[in-house]
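What follows is the residue order along each chain.
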Amino acid sequence: MRTEIALLAAAVAVAVAGWLSPDWLSFLLTLAFAKALVVTGVVVQMRVGLVTFGQALFYCIGGYAAGLGAQYLGVNDAFALLAAGVGVAVLVAAVCGLLLARYRDIFFAMLTMALSMILFGVLVKSSALGSTDGFNVSTPTYFGWAPAPENAKLAVFFLTVAVSAVAAVVFHRLMNSGLGLVTEAIRENEIRVEYLGVSPRAVIYANYLAAAAISALGGGLTALATGHIDPDMAFWTTSGEFVFIAILGGTGHVAAAFVAAIVFAAVRTFAIQEAPHTWQLTLGVVLLVLIIFLPKGLWSLVSRKKHSAPAKPAATATTSEAAA
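Each chain has its residues counted from 1, following the order in which its sequence is written. The model is predicted, so local features are restricted to residues of pLDDT at least 70 and side-chain atom pairs to those at 80 or more, both for listing and for counting; the totals for chains, interfaces and linings are taken over all residues. Hydrogens and water are ignored here; the side-chain numbers use all heavy atoms of the structure.

**Considerations on the pattern of salt bridges**
Once the charged atoms of two side chains with opposite charge are near each other, the side chains can pair.
In step 1: We define a salt bridge as a contact between a side-chain nitrogen of Lys or Arg and a carboxyl oxygen of Asp or Glu at a distance within 4 Å. Applying the stated rule across the entire model yields six salt bridges.
In step 2: Close ionic contact of glutamate 4 with arginine 173 constitutes a salt bridge, the shortest N to O distance being 2.7 Å. One end of the pair, glutamate 4, is in helix α1 (residues 2-20); the other, arginine 173, is in helix α6 (residues 152-175), and 169 residues separate them in sequence.
In step 3: Classification of glutamate 4 by relative accessible area gives buried; the value is 9%.
In step 4: Two residues, lysine 35 and glutamate 241, come together in a salt bridge whose shortest N-O distance is 2.7 Å. Pair noted here: lysine 35 is in helix α2 (residues 23-46) and glutamate 241 is in helix α10 (residues 236-249), with a separation of 206 residues, a long-range link.
In step 5: Burial classification: accessible surface area is computed with a 1.4 Å probe over protein chains only, and a residue below 20% of its type maximum counts as buried, one above 50% as exposed, and the rest as partly exposed. The class for lysine 35 is buried, based on a relative accessible area of 14%.
In step 6: Shared partners join several salt bridges into a network, and the residues in it are Lys35, Glu241 and Arg268. A run of H or I in DSSP counts as a helix once it spans at least four residues, and a run of E counts as a strand once it spans at least two, with each numbered from the N terminus.

Shown next as structure tokens:
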């Protein structure tokens, strides 16, 4: 409960900071939090021992579902658009997961990337959806309330922070539930878990559905924040970016994805501004340094600090124990 309260308090602090910050910074935080949701989906699968290079599939589905709902169905409510993206993503994951739950290691990674690239190819060839250019997404409303044009981006920022806070609490409970603990056991010894009467394939399938849902949320929020979607949302480099952030943060805590996403956005923004032609090299150097000095990610700094804290003195013996 203390962790969940801390997550909600941190979300309130970020919301206040974004409200007082310039527009470019609040927009940067909006995209960072939206991508952190997708990274959480990557982390959930990493905890079971699977690395996905195709999480952009559901990121793109969430974005396109929001855009298509606004453009062709006339739905402008942000919550309805996000719900539509999650629903479509879970349906797709329910079908794809039947195949993917059978595979492990590099086979799982390559199959996820292949599915994402199939969607990319379909979108590129579809002129009705704007082909390589994509199309714009209209400004959303919130249960009928339409913010002023100058406050539209700030409204999406508050929505993103609120959704991220709820998702962080939900996935914190998920990671510490029986299902979350079983995923780590599967990563360590899948055969032994199966001997205990638990189906690893069913657990991986459920994990895959949860990761798809939260990734679609991130894609929908990105579409609403930027006001535009294009096939690059499903490209393999986008999935690689999510894996990069997941490695940067580590899998020790649900908050690690959000911290890493903010650090990644800040480093990339600085690198593009200072070295626009070699910013990828800068990110590569950061990842290399991380692997060497922090192989478990940024969150290992926090966990290391907790473990190094001095232990409390042992309780004194009671009178009866002393007498014995």
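Next comes the rest of the write-up.
**Structural notes on the packing of aromatic side chains**
In step 1: Centre distance within 6.5 Å is the pairing criterion for rings of Phe, Tyr and Trp, where only the six-membered ring of Trp is used; planes under 30 degrees apart are then read as stacked, over 60 as edge-to-face, and the remainder as tilted. Summed over the entire model, instances satisfying the criterion amount to eleven aromatic pairs.
In step 2: With a centroid separation of 6.0 Å and 40° between ring planes, the pair formed by tyrosine 142 and tryptophan 145 is classed as tilted.
In step 3: Owing to a relative accessible area of 11%, tyrosine 142 belongs among the buried residues under this scheme.
In step 4: Here phenylalanine 235 and tryptophan 236 contribute two aromatic rings whose centre-to-centre distance is 6.1 Å and whose plane-to-plane angle is 45°, an arrangement assigned as tilted.
In step 5: Its relative accessible area of 24% is what places phenylalanine 235 among the partly exposed residues.
In step 6: According to the relative accessible area criterion, tryptophan 236 is partly exposed, its value standing at 44%.
In step 7: These aromatic residues form a ring-pair network of at least three members: Phe79, Tyr142, Phe143 and Trp145.

**Remarks on the nonpolar core**
In step 1: Put simply, a nonpolar core is a bunch of buried Ala, Val, Leu, Ile, Met, Phe, Trp, Tyr and Cys residues held in one set by side-chain atoms that sit within 4.5 Å of each other. Of all hydrophobic cores here, the largest spans 84 residues; its most connected members are Leu37, Phe58, Leu159 and Leu224.
In step 2: Per-element accounting of this core gives the leading share, twelve residues, to helix α9 (residues 200-226).
In step 3: Dropping the residues within four chain positions of it, leucine 37 is found in contact with Val163, Ser164, Ala167, Ile214, Ser215, Leu217, Gly218, Leu221 and Phe258.
In step 4: One finds Ala11, Ala15, Val161 and Ala165 within the second-largest nonpolar core, a separate group that totals six residues. Here, two residues are considered to be in contact whenever any of their heavy atoms come within 4.5 Å of each other.

**Notes on the side chain of aspartate 77**
In step 1: Along the chain, aspartate 77 turns up in the loop between α3 (56-72) and α4 (78-100).
In step 2: Charge assignment: positive for Lys and Arg, negative for Asp and Glu; neither His nor the chain ends contribute. One buried charged side chain, aspartate 77, makes no salt bridge at all; its nearest oppositely charged neighbour is lysine 153, positioned 17 Å away.
In step 3: Residues adjacent in sequence count toward polar contacts only when both atoms are side-chain atoms; beyond that, a polar contact is any pair of N or O atoms within 3.5 Å, and within protein one must be able to donate a hydrogen and the other to accept it. Polar side-chain contacts of aspartate 77 include one of 3.1 Å to the backbone nitrogen of alanine 80.
In step 4: Those residues in contact with aspartate 77 that sit more than four places away from it in its chain are Thr141, Tyr142, Phe143 and Gly144.

**Examining the environment of valine 86**
In step 1: Note that valine 86 resides in helix α4.
In step 2: Not counting residues within four places of it along the chain, the set of residues in contact with valine 86 comprises Ala213, Ala216 and Leu217.

**Focus on the confidence of the model for the protein chain**
In step 1: Each residue carries a pLDDT value, the predictor's own confidence for that position, ranging from 0 to 100. Chain-level pLDDT for the protein chain is 86 on average; 93% of the residues reach the 70-or-more range.
In step 2: When pLDDT is averaged over each element of the protein chain, α4 comes out on top at 94 and helix α14 (residues 319-323) at the bottom at 40.
In step 3: Predicted confidence is poor over residues 311-324, with pLDDT under 50, and the contacts of this stretch with residues over four places away or in other chains come to zero contacts.

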